[in-house]
Amino acid sequence: MAFSQRDTIEMKLPEEEKIMNTKSSLGRLLGAAAISIFTVAPAMAEVEFELTMGVITSPGDVYTAMTQGLPERILSATDGRVEVTVSDSLVAPNQVAGAVRDGRLPMSAALHTYISAEEPRMGIFNLPGLINNIDEYVKVREAFWREDVKQIWGERWNAEMLADGAWCPTALFSTTPIHSVEDFKGKRIRIHNPQTAELLNALGALPVPMPTSEMVPALERGVIDGGLTSICVGAAMELPRVAPNVQDWAMSPVTGWVILVNKDTWAELPDDIKAQMTEAMAELQEEAFSTYQTYVDTAVAKVQSLGSDLWVAPDDLKAAAAAEQYAGPAYAGWYETAAGLGVDGEAYVARVREALGK
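Computed from a predicted model, the values in this text were never measured in an experiment.

**Q** Help me out: how do you make sense of the layout of surface pockets in this one?
**A** The space that makes up the largest pocket amounts to roughly 580 Å³. In terms of lining residues, the largest pocket is bounded by 32 residues, among which Tyr114, Arg190, Met210, Pro211 and Thr212 are the most central. Residue composition of the lining of the largest pocket, grouped by class: 18 nonpolar, 12 polar and two charged. One number sums up the size of the second largest pocket: a volume of about 300 Å³. Forming the boundary of the second largest pocket are 19 residues, of which Asn132, Asn133, Pro169, Asp248 and Val296 lie nearest the centre. Only helix H5 (134–157), strand E5 (170–174), helix H11 (292–305) and strand E11 (310–312) provide two or more residues apiece to the lining of the second largest pocket. Top contributing element to the lining of the second largest pocket by residue count: H11, with four residues. Looking at the lining of the second largest pocket residue by residue, the classes come out as 12 nonpolar, four polar and three charged.

Okay, structure coming up:
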């Protein structure tokens, strides 16, 4: 077996010197490896800004997928300088917007519909028969509505709007079938906005405000007979196990959501970080809309796997449920609230219809 000259010399060294040489060689190797690591993959910068974002519990929906992935997007986009922590327990669901305005939270992922009682323009999609599906929602949003609400968030909630999206379509989960206008009479139905409450009242139902998280026990105990919620959330919560009838009546069919940051917090961030975050949120927004239908399809499949089918009310039945005799009170209340803010409600609705070509 051949040996190099160095091997031959080392074989003649005392044992202590061999050990020292071995340690020295190992040190050189580790040092070289460390240099190589830092050269190939530089370490991310230290965290400079820590932000907490309040969210709403909504399993299965595109909203949750986007908000849960937001911290990684921001950390990567800012090279590790901004760290976002997502929490669904710091404030109540209907307070995530107000918490940003009041400075209790620097960020939130809020629902427009939860503040539609005090700012009606946030709830145009709750008006019966006005916006009936995601395609119409997107048309109105791109025509003017997104810029309108961005300004409203800034002026009335002291918030910078970074991105927005839409929840999966609203479905009515009920213990017995609701397949006609008459079937609504006497039914206790969970709602999440005042316009739908007015509509259900007019239809003879009993609207019940209730957090989504309480729907399953309320259905099990017979406190409610049904509830309106995102079909994605309802499927993830397996609502068909306690409410096997799943119906699409196009009632408050699409609910918008938004990523907000407190304006004072935003102003404190360096311009380069704001640019990085803005770009990352634009990408999130694009993904939210481009993958929307995938989440809906997955939810419909889950509902079917639980032994239920999604019953879609024919257009004539949807129109009957949104007729003037039922929808009138919802519009009247909306117009009244708008007038209190100095907004011409009738003109605003006309603007929506013009955007839709109705």
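**Q** Which parts of the structure should I look at to understand the sheet that holds strand E10 (residues 256–262)?
**A** The strands making up a sheet associate through hydrogen bonds between their backbones, and the pairing can be parallel or antiparallel. The five strands lie next to each other as E2-E1-E3-E10-E4, forming an open sheet whose pairing is mixed. Pairing within the sheet leaves two strands with one partner each, and these edge strands are strand E2 (82–87) and strand E4 (159–166). Averaged over all neighbouring strand pairs, the angle between strand axes comes to 20°, with direction disregarded. In terms of strand pairing, E4 meets E10 through seven bridges, oriented antiparallel. Among the inter-strand pairings, Gly165 is bridged to a residue of E10, identified as Trp257. The strands touched by helix H3 (residues 62–77) are strand E1 (49–54), E2, strand E3 (107–111), E4 and E10; relative to E2, the strand with the most contacts, the crossing angle is about 155°. On the sheet, helix H10 (residues 271–290) packs against E1, E2, E4 and E10 and is oriented at approximately 20° with respect to E4.

**Q** Any chance you could explain the sheet that holds E5 here in plain terms?
**A** Spatial strand order, E7-E6-E8-E5-E9-E11: six strands in an open sheet with mixed pairing. Looking at the sheet topology across the chains shown, the edges are occupied by strand E7 (206–209) and E11. Sheet twist, expressed as the average angle between the axes of neighbouring strands with direction ignored, equals 30°. Here two bridges tie strand E6 (residues 188–191) to strand E8 (residues 226–230), and the two strands are oriented parallel to one another. Bridging from a neighbouring strand, Ile189 pairs with Gly226 of E8. Of the strands in this sheet, E6, E7 and E8 are in contact with helix H6 (residues 194–203), which crosses E6 at around 165°.

**Q** Before we go on, may I ask you to explain the pattern of salt bridges in this structure?
**A** Taken as a whole and judged by the stated rule, the model has 17 salt bridges. For Asp164, the salt bridge is made with Arg141, and the minimal N-O distance between the two is 2.8 Å. Of this pair, Asp164 sits in strand E4 while Arg141 sits in helix H5, and the two are 23 residues apart along the sequence. Accessibility expressed as a relative area gives 9% for Arg141, which makes it buried. Salt bridges sharing partners connect three or more residues here, namely Arg141, Arg146, Glu147 and Asp164.

**Q** It is not clear to me how the packing of H5 against helix H14 (residues 345–356) should be interpreted in this structure. Could you clarify?
**A** Helix-helix packing: each pair is described by the crossing angle between the helix axes and the interaxial distance. At a closest axis distance of 8 Å, the pairing of H5 and H14 adopts a crossing angle of 130°. Compared by their axis directions, H5 and H14 come out oblique. Judged by the sense of rotation from one axis to the other, the crossing of H5 with H14 is right-handed. Counted together, Glu136, Lys139, Val140, Ala143, Phe144, Trp145 and Asp148 of H5 and Tyr348, Arg351, Val352, Ala355 and Leu356 of H14 form the full contact between these two elements. Split into classes, the residues belonging to the contact of H5 with H14 amount to eight nonpolar, no polar and four charged.

**Q** Where do I start with helix H13 (residues 324–340) in this structure?
**A** The α-helix advances 3.6 residues per turn, and as a result positions three or four apart in sequence lie on the same side. Given a rise of 1.5 Å per residue, 17 residues ought to cover 24 Å, and the 23 Å separating the end C-alpha atoms of H13 matches this to within 8%. Regarding H13, the residues found buried are Tyr326, Ala327, Gly328, Ala330, Tyr331, Trp334, Tyr335 and Ala338. Considering only its buried residues, H13 is in contact with H6, helix H12 (315–321) and H14.

Conventions we followed
Each chain carries its own residue numbering, running from 1 in the direction its sequence is written. It should be noted that, the model being predicted, local features are given only for residues of pLDDT at least 70 and side-chain atom pairs only at 80 or more, the latter also being counted only at that level, while totals for whole chains, interfaces and linings use all residues. The basis for every side-chain value is the complete set of non-hydrogen atoms in the structure, without hydrogens or water. Think of a 1 Å grid over just the protein atoms. A cavity is a set of points where a 1.4 Å probe fits yet cannot get out, a pocket is an open set with protein on both sides within 12 Å along at least five of seven lines, and lining residues have an atom within 4 Å of a point. Grid points are joined across faces, edges and corners, and a volume is the space filled by probe spheres set on the points. Three classes are used: nonpolar for Ala, Val, Leu, Ile, Met, Phe, Trp, Tyr, Cys and Pro, charged for Asp, Glu, Lys and Arg, and polar for all others, with Gly counted as polar. To qualify as a helix, a DSSP run of H or I must reach at least 4 residues; to qualify as a strand, a run of E must reach at least 2; elements of each kind are numbered from the N terminus. By definition, two strands form a pair when at least two bridges between them are found by DSSP. What counts as an axis is a line fitted to C-alpha atoms, over the stretch in contact for a helix, and the angles between N-to-C directions run from 0 to 180 degrees. Should any heavy atoms of two residues lie within 4.5 Å, those residues are counted as being in contact. Salt bridge, as used here, is a side-chain nitrogen of Lys or Arg placed within 4 Å of a carboxyl oxygen of Asp or Glu. Think of it in three bands: residues with accessible area under 20% of the maximum for their type are buried, residues over 50% are exposed, and the middle band is partly exposed, with areas taken using a 1.4 Å probe on protein chains only. Oblique is the label for any angle not under 35 degrees, not over 145, and not in the 65 to 115 range, which are roughly parallel, roughly antiparallel and roughly perpendicular in turn. The sense of a crossing depends on the near helix, which, turned anticlockwise from the far helix by less than a right angle, makes the crossing left-handed and, turned clockwise, makes it right-handed. A helix is expected to span 1.5 Å for every residue after the first.

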